[in-house]
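If you want the building blocks of each chain, they are given just below.
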Amino acid sequence: MVARVIPVVPFDLVVFGGTGDLAQRKLLPALFRRMVDGQALPDSRIIAAARRDLGADGFRRRVEAALRVHVGPEQLDPDRLAEFLCALDYVRLDAADEDGWAALFHRLKDSERMRVFYLSVAPQLFAPISERLATSGCLTPDTRLVVEKPLGHDFASARKLNRQLATIFDERQIYRIDHFLGKETVQNLMALRFANALFEPIWNARHVDHVQITVAERVGVRGRGAYYDQNGAVRDMMQNHLLQLLCLIAMEPPAHFEPDAVRDEKLKVLRSLKPLDGPGDVVLGQYRGINGEPDYVEDAGSPGSRTESFAAIKVEIANWRWNGTPFYLRTGKRLQARVSEIAVVFKDAPHSIFPASAGGTNPNVLAIRLQPDEGITLRLTIKEPGPGGMRLCQVPLDMTFAKTLGAQGLRIPGAYERLVMDVIRGDQTLFMRNDEVEAAWRWIDPIIAAADTAPEGPRSYDSYSSGPEEALMLMHRDGRRWRALAA
Ligand code: NAD
């Protein structure tokens, strides 16, 4: 159960690639949960469009099996499940040819519901599908289009894609998902910053020593090797998720919590990123197997590959608020723990009045954890309890709401639940605008170009370690250290 649910209007949601991994593992379970919670009404329709000859019943069977795996048994109430499956339909079509489009048109033509086309397919199909939607008469003025990364593989291809989509859709109809922004904690970060007066006066280079943003995974690339090897950590993670998180930390307060006001401020951050001076501020790595596990190149099925499975970058923002406060970003696969967090590390107290025997003070750290255990903690220094004289210790002020909500029988909705409902509500605040995507690529392109022409490939690191030695040095040389990678 989730508190305060306001139902959305009935909709027709067409999922291209409805039989694929993203749809089956994330999107359809998210829609099911929103229906169970009473937000998505059962008189909406979800129509999958994919190439297999499944028929509506075959598709329903597939979805039922997926829900049994990806939705907790406590939510699989048989009546709600039957209701949800009833709302599903299936159209066989191939984005690359004419078959099936008339059938899709017929499914939609008499419906006055709001339409969403969710392109859960490879990005090279975004433009052909959009064009066929237009020529087959499936679009209405209230149509929305949802796309997800990869949105281009460099600035030129991202701009080309934006322009292709813009020939058919207005920008206000296009929802570019970055699922990190759908996380409850990430939205809480905005509440923390902009609904409290406490942090704003110290949210700047005078008081913040540095910021660390980490997205670490334990899994390797096996199973996704072909896709991953074409991209690597910089394209797959830095360009979108990590830069988006950086924007939310660094942006100025928008005048209103409205889509373009928020996105204008994020765009200003992206345009203020200092170009990287030299190779010293970027460390790329590639995992090697331990204990008989495969190396990256074996997992990726790509002998001799120079694709990076790890990236660490020191980023500086050239504006008044952040000049002098570096942002250290790192992301990688086969690392010590699966953890995604942002840590805002404040400066030390300017002078310690306590004797050395009290133990040193440590900087305050605001840690925003996206996974696991979504929540926010503020590390403070206090006196160790007891009569042992003045001894200082660090304690976290814990705002881990997952546990608090769990104790009340409440559940934090997943990112896709939130984002899909935002699409239906027509709220683009948490979605990337065309110019944001392009600005991010503009900054990333030289990093990729430098890596491509570097005489050496990525640094090797042990699986389940904290990454290459050089990434540790990136911070050590500045007198700082990465936070431990602990789940
Ligand atoms: P997938 O390969 O599992 O599924 C692709 C789907 O597209 C299948 O349903 C397939 O039938 C359909 N399809 C392929 N060619 C088609 C054609 N010519 N006409 C009609 N349908 C066609 O891929 P996925 O993992 O579900 O990813 C889909 C997209 O989402 C990709 O662009 C991927 O990069 C992106 N994405 C996926 C995830 C994830 O967790 N899987 C996360 C973020 C982004």
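Before reading further, recall that the structure is shown in the block above.
What you see is a predicted model, and the numbers here were worked out from it, not measured in a lab.

**Structural notes on the site of the ligand**
Then step 1. Near the ligand, the surroundings consist of 19 residues, among which Thr19, Asp21, Leu22, Asp94 and Ala95 are the closest.
Then step 2. A distance of 2.8 Å separates an oxygen atom of the ligand from a polar atom in the backbone of Leu22.
Then step 3. One nitrogen or oxygen atom from the side chain of Asp94 is found 2.8 Å from a nitrogen atom belonging to the ligand.
Then step 4. Considering the ligand on its own, with 830 Å² of exposed area, one finds that the protein chains cover 76% of that surface.
Then step 5. Element by element, the count of residues in the shell around the ligand is highest for helix α1 (residues 21-36), at three residues.
Then step 6. Here the shell around the ligand is built from residues that sort into nine nonpolar, four polar and six charged.

**With respect to the packing of α1 against helix α12 (residues 415-425)**
Then step 1. Contact pair α1 / α12: the axes reach a minimum separation of 8 Å and the direction vectors enclose 70 degrees. Judged on the interaxial angle alone, α12 and α1 are roughly perpendicular. On α12, the residues that touch Leu22, Lys26, Leu27, Ala30, Leu31, Arg33 and Arg34 of α1 are Tyr416, Glu417, Val420 and Met421.
Then step 2. Residue classes in the contact of α1 with α12 are distributed as seven nonpolar, no polar and four charged.

**Some words on the nonpolar core**
One broad trend across soluble globular proteins is that nonpolar side chains are buried collectively.
Then step 1. Ranked by size, the top nonpolar core spans 139 residues in total, and within it Phe16, Leu31, Phe84, Leu104, Phe327 and Leu366 carry the most contacts.
Then step 2. Considering every element that reaches this core, the biggest residue donor is helix α8 (residues 225-250), with 13 residues.
Then step 3. Once you skip the residues sitting within four places of it in the chain, Phe16 turns out to touch Ala49, Leu93, Trp101, Leu104, Phe117, Tyr118, Leu119, Ser120, Val121, Ile129 and Leu133.

**Quick word on the sheet that holds strand β11 (residues 339-346)**
Sheet strands line up and pair through hydrogen bonds in the backbone, either parallel or antiparallel.
Then step 1. Read across the sheet, nine strands follow the order β14-β13-β12-β11-β7-β10-β9-β8-β15 without closing on themselves; strand pairing throughout is mixed. With one partner strand each, in any of the chains shown, β14 (392-399) and β15 (459-462) form the two edges of the open sheet. Averaged over all adjacent pairs, the angle separating strand axes in this sheet is 20 degrees, with direction ignored.
Then step 2. Against the sheet, helix α14 (residues 469-476) engages β7 (208-216), β8 (282-288), β9 (310-315), β10 (327-332) and β15, with an angle of about 15 degrees to β9.

Calculation rules
- Residues numbered from 1 in each chain as written.
- Predicted model: local features only at pLDDT ≥ 70, side-chain atom pairs only at ≥ 80, totals over all residues.
- Heavy atoms only, no water.
- Near = heavy atom within 4 Å.
- Polar contact = N/O pair within 3.5 Å; in protein donor to acceptor, adjacent residues only side chain to side chain.
- Areas by Shrake-Rupley, 256 points an atom, 1.4 Å probe, with all protein chains shown as cover.
- Helix = DSSP H or I, 4+ residues; strand = E, 2+ residues; numbered from the N terminus.
- Nonpolar A, V, L, I, M, F, W, Y, C, P; charged D, E, K, R; others polar.
- Axes fitted to C-alpha atoms, helices over the stretch in contact; angles between N-to-C directions.
- Parallel < 35°, antiparallel > 145°, perpendicular 65-115°, else oblique.
- Contact = heavy atoms within 4.5 Å.
- Core = buried A, V, L, I, M, F, W, Y, C linked by side-chain atoms within 4.5 Å.
- Buried < 20%, exposed > 50% of the residue type's maximum accessible area, 1.4 Å probe, protein only.
- Pairing = 2+ DSSP bridges.

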